[in-house]
Amino acid sequence: MDHEQPVLGVDIGGSSIKFCLVDSKEIVAHTTMEYVDRKNPNSIIEMIGEIITKWEHRGHIGIGFPGMVEKGIIIDAPNLDTAWEGYNLPSQLKDVVYGDILIINDADAAALAMNKQTKGWENENILCLTLGTGIGSAWLRQGELESGTEYGRIIHPELNCSLEQFASVRTMNNENLSIEDWAIRLCSILEFLEIEFKPDRFILSGGITNDSSEWLSIIEGRMNTPITISKFGDLTGSIGAAKLHSV
Ligand code: BGC
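All residue numbers here refer to positions counted from 1 along the written sequence of the relevant chain. Predicted model: local features are reported for residues with pLDDT of at least 70 only, side-chain atom pairs are reported and counted for 80 or more only, and whole-chain, interface and lining totals are derived from all residues. No hydrogens and no water enter the side-chain calculation; it runs on all heavy atoms of the structure.

Caption draft 1: Geometry of the overall build of the protein chain. Counting its regular elements, the protein chain contains 8 helices and 12 strands. The globule rule is 2.2 Å times the number of residues to the power 0.38, and the radius of gyration it is compared with is taken over C-alpha atoms. Taken over C-alpha atoms, the radius of gyration comes to 17 Å for the protein chain, in line with the 18 Å a tight globule of 247 residues would show. Taken along its principal axes, the extent of the C-alpha atoms in the protein chain is 50 × 40 × 30 Å. The buried label applies to any residue whose accessible area, calculated with a 1.4 Å probe on protein chains only, is under 20% of its type's maximum; exposed applies above 50%, and partly exposed to all values in between. The buried share among the 247 residues of the protein chain stands at 57%. Residue contacts follow a heavy-atom distance rule, with two residues in contact if any of their heavy atoms lie within 4.5 Å. Considering only intrachain contacts with a sequence separation of at least 6, the fraction spanning at least 24 residues in the protein chain is 62%. For the protein chain, the exposed surface amounts to about 11,600 Å²; the carbon and sulfur share of it is 44%. Only runs of H or I of at least four residues qualify as helices and only runs of E of at least two qualify as strands under DSSP, and these elements are numbered from the N terminus. Only the protein chains shown count as cover for residues, with accessible areas throughout obtained via the Shrake-Rupley method and a probe of 1.4 Å.

Next up, the structure:
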């Protein structure tokens with residue numbers, strides 16, 4: 001693929017969109033746009049168009065989307081708007097994008113950026129989680145992405161709600177939980193995933209991982225499985241989205 005032009009990575013989140021420009025060597029630029037109004041297709045296409053114009057971007061774009069995506073078509077968007085169901089975002093973006101457009105689930109995209117971050121990645125089955133409005137999941141099995149897992153939607157047998165309803169960052173905010181109480185909740189779901197799926201390691205990403213000093217030790221003290229924090233923090237998703245173009 002031609003990477004004279006940097007690739008634009010777009011991470012569509014529940015409360016904001018993160019953009020980054022990546023070339024084969026470095027992150028050239030990045031920015032975050034908060035939603036001001038609705039989170040429907042037209043408003044999000046407008047936001048993407050705004051950045052493309054501002055950055056005069058003429059290359060490819062990769063998109064991480066917070067819901068199920070099959071062959072470029074959005075199946076659902078639980079944290080955005082029902083207008084996304086069945087929507088073909090790449091074809092609707094053609095008028096504003098010059099290069100090729102690829103789209104996958106946001107957690108699957110983030111996992112692409114989490115690949116090879118740990119010493120033993122070639123041998124490990126790593127469960128990657130993105131912590132935000134929802135909880136996204138993806139496997140890296142010896143460096144190979146296994147997509148479409150959606151573990152955040154699993155109903156916990158004892159808690160009687162989904163893993164993300166119990167321990168997402170949105171839940172922490174909505175229920176005014178302290179960071180310590182949230183970390184204990186996160187532990188419960190990590191322990192559940194540990195028993196169900198036996199990962200060799202968890203890697204965590206999302207805005208809350210930009211500073212894990214107040215909560216990581218709480219989790220590490222209770223868990224047997226090693227935990228790594230993505231070195232790209234809240235840019236993990238947008239960098240991974242750019243990587244869809246093998247940048
Ligand atoms: C969605 C997932 C998404 C995750 C993180 C969940 O609510 O169901 O598809 O990956 O949030 O955005």
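Caption draft 2: Representation of the environment of L80 within the structure. Assignment of secondary structure puts L80 in the loop between β6 (73-74) and α2 (89-93). Sequence-wise, L80 and L244 are 164 residues apart; in three dimensions their C-alpha atoms are separated by 23 Å.

Caption draft 3: Molecular detail of the layout of surface pockets. When its volume is computed, the largest pocket comes out at roughly 650 Å³. Points on a 1 Å grid, built from protein atoms alone, make a cavity when a 1.4 Å probe fits but cannot get out and make a pocket when they are open with protein on both sides within 12 Å along at least 5 of 7 lines; residues with an atom within 4 Å of a point are the lining residues. Taken together, 37 residues line the largest pocket, and the ones lying closest to its centre are G13, D106, L131, G132 and T133. Only β1 (7-12), β2 (16-22), α3 (106-114), β8 (125-131), β9 (135-141), α5 (169-174) and α8 (236-243) provide two or more residues apiece to the lining of the largest pocket. In the scheme used here, Gly and all other residues not listed as nonpolar or charged are polar, with Ala, Val, Leu, Ile, Met, Phe, Trp, Tyr, Cys and Pro taken as nonpolar and Asp, Glu, Lys and Arg as charged. A per-class count over the lining of the largest pocket returns 9 nonpolar, 20 polar and 8 charged. Grid points are joined across faces, edges and corners, and a volume is the space filled by probe spheres set on the points. One number sums up the size of the second largest pocket: a volume of about 170 Å³. Contributing to the lining of the second largest pocket are 15 residues, with V69, N105, D108, S147 and G148 lying nearest its centre. Mapped by element, the contributors of at least two residues to the lining of the second largest pocket are β5 (69-70) and β7 (101-105). For the domains described, the bounds stem from an automatic or database domain assignment. Of the domains in this structure, domain 1 (7-110 + 236-245) and domain 2 (120-230) are the two that each give at least three residues to the lining of the second largest pocket.

Caption draft 4: Highlighting the packing of α3 against α8. Viewed as axis vectors pointing N to C, α3 and α8 meet at an angle of 85°, and their least axial separation amounts to 7 Å. Relative to α8, the element α3 is oriented roughly perpendicular. On α8, the residues that touch A109, A110, L112, A113 and M114 of α3 are T236, G237, I239, G240, A241 and K243. Of the residues belonging to the contact of α3 with α8, the class tally is 7 nonpolar, 3 polar and 1 charged. Every angle, taken between N-to-C directions, lies between 0 and 180 degrees, and every axis is a line fitted to C-alpha atoms, over only the stretch in contact when it is a helix. In what follows, roughly perpendicular refers to angles from 65 to 115 degrees, roughly parallel to angles under 35, roughly antiparallel to angles over 145, and oblique to any angle outside these ranges.

Caption draft 5: Structural context of the site of the ligand. Definition of nearness: a residue and a molecule or strand are near each other if at least one heavy atom of the residue lies within 4 Å of the molecule or strand. Around the ligand, 13 residues are found, and the nearest of them are N79, D106, E150, R153 and E164. What qualifies as a polar contact is a pair of N or O atoms within 3.5 Å, subject to a donor-acceptor requirement within protein and to the restriction that residues adjacent in sequence count only when both atoms come from side chains. Interatomic distance of 3.4 Å between a backbone N/O atom of G67 and an oxygen atom of the ligand. Take N105: an N or O atom from its side chain is 3.0 Å from an oxygen atom of the ligand. Contact with the protein chains removes 95% of the 310 Å² of surface that the ligand exposes when unbound.

Caption draft 6: The arrangement of the packing of aromatic side chains in detail. Two rings from Phe, Tyr or Trp (for Trp, the six-membered ring) form a pair when their centres sit within 6.5 Å of each other. Planes less than 30 degrees apart are called stacked, planes more than 60 degrees apart edge-to-face, and all others tilted. Tallied over the full model, the rule gives 4 aromatic pairs. Residues Y151 and F197 carry aromatic rings whose centres are separated by 4.1 Å and whose planes lie at 5° to one another, so their mutual orientation is stacked. Of this pair, Y151 sits in the loop between β10 (144-146) and α4 (163-167) while F197 sits in helix α6 (residues 179-197), placing them 46 residues apart in sequence. Feature note: the residues F65, W84 and Y87 constitute an aromatic cluster, connected by ring pairs. Its end group placed over the ring of W139, R141 keeps NZ or CZ at 4.0 Å from the ring centre. Note on geometry: a ring has a charge over it if NZ (lysine) or CZ (arginine) is within 6 Å of the ring centre and within 35 degrees of the ring normal.

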